[in-house]
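The chain contents come next:
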Amino acid sequence: MPLVTSAEMFKKAYEGGYAIGAFNVNNMETIQGIVEAAKEERSPLILQVSAGARKYANPLYLKKLVEAAVEDSGLPICLHLDHGDTFELCKDCIDKGFTSVMIDASAHSFEDNIKITKNVVEYAHDHGVVVEAELGKLAGIEDDVNVSAEDAAFTDPGQVEEFVARTNVDSLAIAIGTSHGAYKFKGEAKLRFDILEEVSRRVPGFPIVLHGASSVPQYLVEQINLYGGNMPGAKGVPEEMLRKAASMAVCKINIDSDLRLAVTATIRKYFSENPSHFDPRQYLGPARSAIKEIVRHKIINVLGCNNKI
Ligand code: G3H
Ligand code: 13P
Ligand code: ZN
């Protein structure tokens, strides 16, 4: 089976009250860990590549690794550009065979966001590729862009209908209180489910995307801190909130930081217990297994997308 778009996945997820996991990938072990879990749990999958991942790994290498994963697993896999910030970047990914792109023009005015998104949608649809856009602004760090909590803005549900109609976009990321990275909430975690409800009331059946959805498991933070790390106050989105979002209009849940935490916790522990080892396979192997286990947990307990193929 070739790479697929997310169109069919989202339709079924919306109707079934679950969400598809979109996991960020930067290297072979990450791709293998994610895909092994999805294969064993019979889950559809979105693998996403950020601009930073492209810079780090070279998009051609990532594309070939994902193609190998498709061939090896037989899974329906969608290859998605995460947070594309220009038409040119989206076009390059479309031309290289990605099946989905995100144009994140959320830093621009409403009118410019529409204009930029529409442009990408037209090119993408001509090439059989689907597009995600963003309305509202998440706090946190993506690549070199650091949006402070004060500059973050919840999505205005009143703008959604017009945005979707004028851009013809396929899915929409909204800001309801999540943020990127491992430090999401200072006090109690709070998500604006009222905004999500109002959005789905205004665009019924339309797939919504939740970014910044890592839950920052405390056992991983504790393991990192136990073995020489320093991450006090790291805190994520409680899993029950993500389950609730997945049962509503949210069809795609983006997870990156939790995988990074799993890798770092595993490798820190490994070196502490095996200070003389130096073969990367000895620590990248356990890191890959840790990714597999956390992705399996997400698929079954958070996303609800197991046994869907
Ligand atoms: O939303 C951002 C993702 O976690 C990707 O992170 O830009 O550091 O690759 P990155
Ligand atoms: P996290 O940092 O919460 O994993 O969010 C990832 C994300 O939204 C990627 O686009
Ligand atoms: Zn994101």
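Residues numbered from 1 in each chain as written. Chains lettered and ligands numbered in written order. Predicted model: local features only at pLDDT ≥ 70, side-chain atom pairs only at ≥ 80, totals over all residues. Heavy atoms only, no water.

Enquirer: Could you give an account of the overall build of the chain, with specific residues and numbers?
Expert: When helices and strands are counted, the chain shows 12 helices and 10 strands. Its C-alpha atoms give the chain a radius of gyration of 18 Å, within 12% of the compact-globule value 19 Å for 309 residues. Dimensions of the chain, computed from the C-alpha atoms along their principal axes, are close to 60 × 45 × 35 Å. For the chain, the residues scored as buried account for 55% of the 309 residues in total. Counting only contacts in the chain whose residues sit at least 6 apart along the sequence, the fraction spanning at least 24 positions is 75%. About 13,600 Å² of surface is accessible on the chain, with carbon and sulfur atoms providing 51% of the total. Counting 33 positive and 42 negative side-chain charges, the chain places the centres of these two groups 3 Å from one another. (Helix = DSSP H or I, 4+ residues; strand = E, 2+ residues; numbered from the N terminus. Rg over C-alpha atoms; globule rule 2.2 N^0.38 Å. Buried < 20%, exposed > 50% of the residue type's maximum accessible area, 1.4 Å probe, protein only. Contact = heavy atoms within 4.5 Å. Areas by Shrake-Rupley, 256 points an atom, 1.4 Å probe, with all protein chains shown as cover. Lys, Arg positive; Asp, Glu negative; His and termini not counted. Charge placed at Lys NZ, Arg CZ, Asp CG, Glu CD.)

Enquirer: So what's going on with helix H12 (residues 280-303)? Which residues, and what values?
Expert: A rise of 1.5 Å per residue sets the reference length of H12, with its 24 residues, at 34 Å; its end C-alpha atoms lie 32 Å apart and thus fit the reference within 8%. Two or three places before Arg 281, at the start of H12, stands the capping residue Asp 279, its side-chain oxygen 2.9 Å from that residue's backbone nitrogen. In the stretch just after H12, Gly 304 is the one whose phi turns positive, near 75°. (Expected span 1.5 Å × (residues − 1). Polar contact = N/O pair within 3.5 Å; in protein donor to acceptor, adjacent residues only side chain to side chain.)

Enquirer: Break down the site of ligand 2 for me, with residues and values.
Expert: Taken together, the neighbourhood of ligand 2 is formed by 16 residues, with Asp 82, Lys 184, Ser 214, Asp 256 and Ser 257 sitting nearest. Ala 213 has a polar backbone atom sitting 3.2 Å from an oxygen atom of ligand 2. The side chain of Asn 254 places a nitrogen or oxygen atom 3.1 Å from an oxygen atom of ligand 2. When the free accessible area of ligand 2 is taken as 300 Å², the share hidden by the protein chains comes to 96%. Sorting the residues of the shell around ligand 2 by element identifies strand E3 (77-84) and strand E10 (250-255) as the ones contributing at least two each. (Near = heavy atom within 4 Å.)

Enquirer: Would you mind going over unusual backbone geometry in detail, with residue names and values included?
Expert: One non-glycine residue, His 83, adopts positive backbone phi at about 55°. The exposure class of His 83 is buried, given its relative accessible area of 11%. One non-glycine residue with positive phi stands out, namely Asn 168, at about 65°.

Enquirer: A description of the nonpolar core should follow, citing residues and the corresponding values.
Expert: Taken as a class, soluble globular proteins show a tendency for nonpolar side chains to be buried jointly. Judged by nonpolar contacts, the single largest core of 97 residues is most densely connected at Ile 77, Leu 172 and Ile 253. Excluding residues within four positions of it along the chain, Leu 172 makes contact with Ala 133, Glu 134, Leu 135, Val 160, Phe 163, Val 164, Phe 206, Pro 207, Ile 208 and Val 209. (Core = buried A, V, L, I, M, F, W, Y, C linked by side-chain atoms within 4.5 Å.)

Enquirer: Please set out the coordination of the zinc ion (ligand 3) residue by residue, giving values where relevant.
Expert: Listed as protein donors to the zinc ion (ligand 3) are His 83 (NE2), His 180 (NE2) and His 211 (ND1); their distances from the metal cover 2.0 to 2.1 Å. In terms of primary sequence, the donors binding the zinc ion (ligand 3) are separated according to H-x96-H-x30-H. Linking His 83 in strand E3 with His 180 in the loop between strand E8 (171-174) and helix H8 (193-202), this pair joins segments that are 97 residues apart in sequence. (Donors = N, O, S within 2.8 Å, 3.2 Å for Na, K, Ca; no water.)

Enquirer: Now, about the pairing of E8: what can you tell me, with residues and values included?
Expert: Burial along E8 is two-sided: Ser 171 and Ala 173 facing one way and Leu 172 and Ile 174 facing the other are all buried. Pairing of strand E5 (residues 130-135) with E8 involves four bridges; the strand directions are parallel. Its bridge partner being in E8, Glu 132 is matched across the sheet by Ser 171. (Pairing = 2+ DSSP bridges.)

Enquirer: Describe the packing of aromatic side chains, listing the residues and the values that go with them.
Expert: If you walk through the whole model with that rule in mind, you get four aromatic pairs. Seen from their ring centres, Phe 87 and Tyr 123 are 5.8 Å apart, and the 75° between their planes marks the pair as edge-to-face. Taken as a pair, Phe 87 in helix H5 (residues 87-95) and Tyr 123 in helix H6 (residues 110-126) lie far apart in primary sequence, 36 residues in all. With a centroid separation of 6.1 Å and 80° between ring planes, the pair formed by Tyr 270 and Phe 271 is classed as edge-to-face. Through a chain of ring-to-ring contacts, three or more aromatic side chains come together here, namely Tyr 270, Phe 271 and Tyr 283. Sitting above the plane of the Tyr 18 ring, Lys 308 keeps its charged end 4.8 Å from the centroid. (Phe/Tyr/Trp six-rings, centres within 6.5 Å; stacked < 30°, edge-to-face > 60°. Lys NZ or Arg CZ within 6 Å of the ring centre and 35° of its normal.)

Enquirer: Explain the packing of H6 against helix H7 (residues 157-167) to me, using residue names and the numbers behind them.
Expert: Two elements in contact, H6 and H7, have axes whose closest approach is 9 Å; the angle formed by their N-to-C orientations is 35°. Relative to H7, H6 is oriented so that their crossing is right-handed. Across from Phe 110, Glu 111, Asn 113, Ile 114, Thr 117, Lys 118 and Val 121 in H6, the residues of H7 making contact are Gln 159, Glu 162, Phe 163, Arg 166 and Thr 167. Its residues placed into classes, the contact of H6 with H7 shows four nonpolar, four polar and four charged. (Axes fitted to C-alpha atoms, helices over the stretch in contact; angles between N-to-C directions. Left-handed = near helix turned anticlockwise from the far one by under 90°. Nonpolar A, V, L, I, M, F, W, Y, C, P; charged D, E, K, R; others polar.)

Enquirer: How would you summarise the pattern of salt bridges if you had to cite specific residues and measurements?
Expert: If you walk through the whole model with that rule in mind, you get 22 salt bridges. Arg 296 is the salt-bridge partner of Glu 293, the closest N and O atoms lying 3.0 Å from each other. Of this pair, Glu 293 and Arg 296 both sit in helix H12, three residues apart, which is roughly one turn of the helix. For Arg 296, a relative accessible area of 18% puts it in the buried group. Via salt bridges that share partners, Glu 36, Glu 40, Glu 41, Lys 292, Glu 293 and Arg 296 belong to a single interconnected network. (Salt bridge = Lys/Arg side-chain N within 4 Å of Asp/Glu carboxyl O.)

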